[in-house]
Amino acid sequence: MIGRTRSVVLTGVRGHLIDVEAHLAASLPTFTLVGLPDASLHEARDRVRAAVASSSLAWPQRRVTVNLSPASLPKSGSVTDLAIAVAVMAAAGMIAPASAARSVHLGELGLDGQVRPVRGILPSVIAAVDAGCPHVVVPQANLDEAALVPGAEVTAVDSLAQLAALYGNDDARPTARGPSATPSTESAPETNVPDLADVRGQPEARWALEVAAAGGHHLLMVGPPGAGKTMLASRLPGVLPDMAPGDALAATSIHSVAGTLDASMGLLTRPPFEAPHHSASAAAIVGGGARLARPGAISRAHGGVLFLDEAPEFPTGVLQTLRQPLESGEIVLHRAYGATRYPARFQLVLAANPCPCGHYFGRGGDCSCTPMARRRYFARLSGPLLDRIDLQVDVLPVRRAQAAPGESSASVAERVREARDRARSRWADFPWTASAQVPSRWLREHTPRSAASVAHAAMERGRLSARGADRALRVAWTLADLDAVAVPASDHVARAMMLRSRDGVQ
Ligand SMILES: Nc1ncnc2c1ncn2[C@@H]1O[C@H](COP(=O)(O)OP(=O)(O)O)[C@@H](O)[C@H]1O
Ligand SMILES: [Mg+2]
Ligand SMILES: [Zn+2]
């Protein structure tokens, strides 16, 4: 007697269809799971057996063997519970085998027979549909999320008994319902982004933010406490365009796996904003966890903004780890059973006080730090990290009573959108879409000589390094896009260099 069905396991945000097969033999009653390297799947055995018994269904008094294949896939978590129960019930003739075989089953079982929501439903259902299995059975609480996948034919159940009844078993009775569990929402993605109209004065900092948005440039803001750095950074997503469809799907899948997706809002289209605190664990920021490698803030920021407020306060290890995603757009998390990859392409915004006491600016302000302490403070941000940050500006406090209220995010966003459109069509034949991603070689070959000479002159005077010159050219292209001209002029390069007011010689 054999019962068959299918389920999905995830590696990172990619789903893989797996076969679940139950064999029943007339022998001493036992229950063995095969193809399960992970301890959590052994717990599945106890949950599945208890769930069947709690549903007024009799567990078969046979030797039960369930095989999950391919065995090579690292399976972890509880998402395969429902499929295991369905395969066993089909093998025992408790439900119609054809019904079991027809659908992909996703869901965790409670000991009481409830079907509990799981993380990662979106990429799992996408994998099922892509593999030609559009019929999926999911936990009731995951229905909204499963329904986001075009082409999926979704059945939602909240108990094993309900599913057994649906598959032709007349004895199945759900036990009394407890409160249904919902996935945790550690940091729900920002939906109400504050408006730039709240920021008074600060023309330079606002301009830097607009340029960052238009070119996708990483941004560092340095200034004393209360200058408005946090306020400005949190308004960046509000002036960014919607995510491209590929990014939107990847971002939604990541939040699905992280358990931070509100599926009632549909697919994520607005760029996410993640602002982990410097005291958060490395696993929370970068990704990881004891058993399952979960996406961290840097992956939840995929397609949007990662904001590190008071950046020098972050552990050096965390700051160092950022170099990999900044380079490759993904993070590889190493775990006992293998490596998990998550996308992590984000726009980085760093805010920092100028020194440990926070008051060093202008001619020293009221700073009480030693020059040594000041240098050490910034050294934590390390050259390789700062090297990737095209825009580095000082933000000084304004006398707000005298400053005019600012332009709204909507009108800034309009200029940003036009600049991005111009950049995208210029680079339609290249793998990059925004200035921040343009390789140095392209910059050197295509920036008009008259414009580039401004940067070269600064290099000759020792005021700019070769890398600094590339960064200035990159930003100059963004400024040209904002000015709606085809190529940067010398004036754009000069202004680009001013957006590195902290540069010095690098
Ligand atoms: N330019 C500004 N316009 C309006 N309010 C401001 C401005 N700068 C600062 N504030 C106010 O001061 C508070 C502190 O600003 P914040 O962004 O936290 O400063 P920082 O991050 O530089 O320490 C904000 O909550 C805001 O109310
Ligand atoms: Mg702040
Ligand atoms: Zn100081």
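Residues numbered from 1 in each chain as written. Chains lettered and ligands numbered in written order. Predicted model: local features only at pLDDT ≥ 70, side-chain atom pairs only at ≥ 80, totals over all residues. Heavy atoms only, no water.

## Let's talk about the coordination of the zinc ion (ligand 3)
Next up, step 1: Note on the zinc ion (ligand 3): its protein donors are C355 (SG), C357 (SG), C367 (SG) and C369 (SG). The metal-donor distances range over 2.1 to 2.4 Å.
Next up, step 2: Here the donor residues of the zinc ion (ligand 3) are spaced in sequence according to C-x1-C-x9-C-x1-C. Of this pair, C357 sits in the loop between strand 17 (347-352) and helix 14 (371-379) while C367 is found in the loop between strand 17 and helix 14, placing the two residues ten residues apart along the sequence.
Next up, step 3: Relative accessible area serves as the criterion here: at 24%, C357 is assigned to the partly exposed category. (Donors = N, O, S within 2.8 Å, 3.2 Å for Na, K, Ca; no water. Helix = DSSP H or I, 4+ residues; strand = E, 2+ residues; numbered from the N terminus. Buried < 20%, exposed > 50% of the residue type's maximum accessible area, 1.4 Å probe, protein only.)

## So, the domain arrangement of the protein
Next up, step 1: Domain parsing of the protein yields domain 1 (2-166), domain 2 (196-409) and domain 3 (438-506).
Next up, step 2: For domain 2 versus domain 3, the distance between C-alpha centres works out to 24 Å.
Next up, step 3: The partner domain 3 presents 13 residues to the 18 residues of domain 2 that form the contact.
Next up, step 4: Interface area, domain 2 with domain 3, both sides summed: about 1,400 Å², of which 55% is carbon and sulfur. (Domains from an automatic or database assignment. Contact = heavy atoms within 4.5 Å. Buried area = accessible area lost by both parts, 1.4 Å probe.)

## A word on the pattern of salt bridges
Next up, step 1: One pass over the structure, following the stated rule, counts 23 salt bridges.
Next up, step 2: The partner of R467 in a salt bridge is D387, and the shortest N-O contact between them spans 2.9 Å. Of this pair, R467 sits in helix 19 (residues 466-482) while D387 sits in the loop between helix 15 (383-386) and strand 18 (391-394); the two residues are 80 residues apart in sequence, bridging distant segments of the chain.
Next up, step 3: Owing to a relative accessible area of 53%, R467 belongs among the exposed residues under this scheme.
Next up, step 4: Of the charged contacts, one joins D491 and R495 as a salt bridge, the two residues approaching to 3.4 Å between their closest N and O atoms. Placement of both D491 and R495 in helix 20 (residues 490-498) is noted, with a separation of four residues, approximately one turn of the helix.
Next up, step 5: Look at D491 and you get partly exposed, because its relative accessible area is 43%.
Next up, step 6: Given the relative accessible area of 25%, R495 is considered partly exposed. (Salt bridge = Lys/Arg side-chain N within 4 Å of Asp/Glu carboxyl O.)

## What about the nonpolar core?
Next up, step 1: Core analysis: the largest hydrophobic core is formed by 52 residues, its most contacted members being L219, M221, L232, L236, V349 and L499.
Next up, step 2: Among the elements that take part in this core, helix 19 stands out by supplying eight residues, more than any other.
Next up, step 3: A domain-level breakdown of this core finds at least three residues from each of domain 2 (196-409) and domain 3 (438-506).
Next up, step 4: With 40 residues, the next largest nonpolar core counts A85, I95, V137 and V157 among its residues. (Core = buried A, V, L, I, M, F, W, Y, C linked by side-chain atoms within 4.5 Å.)

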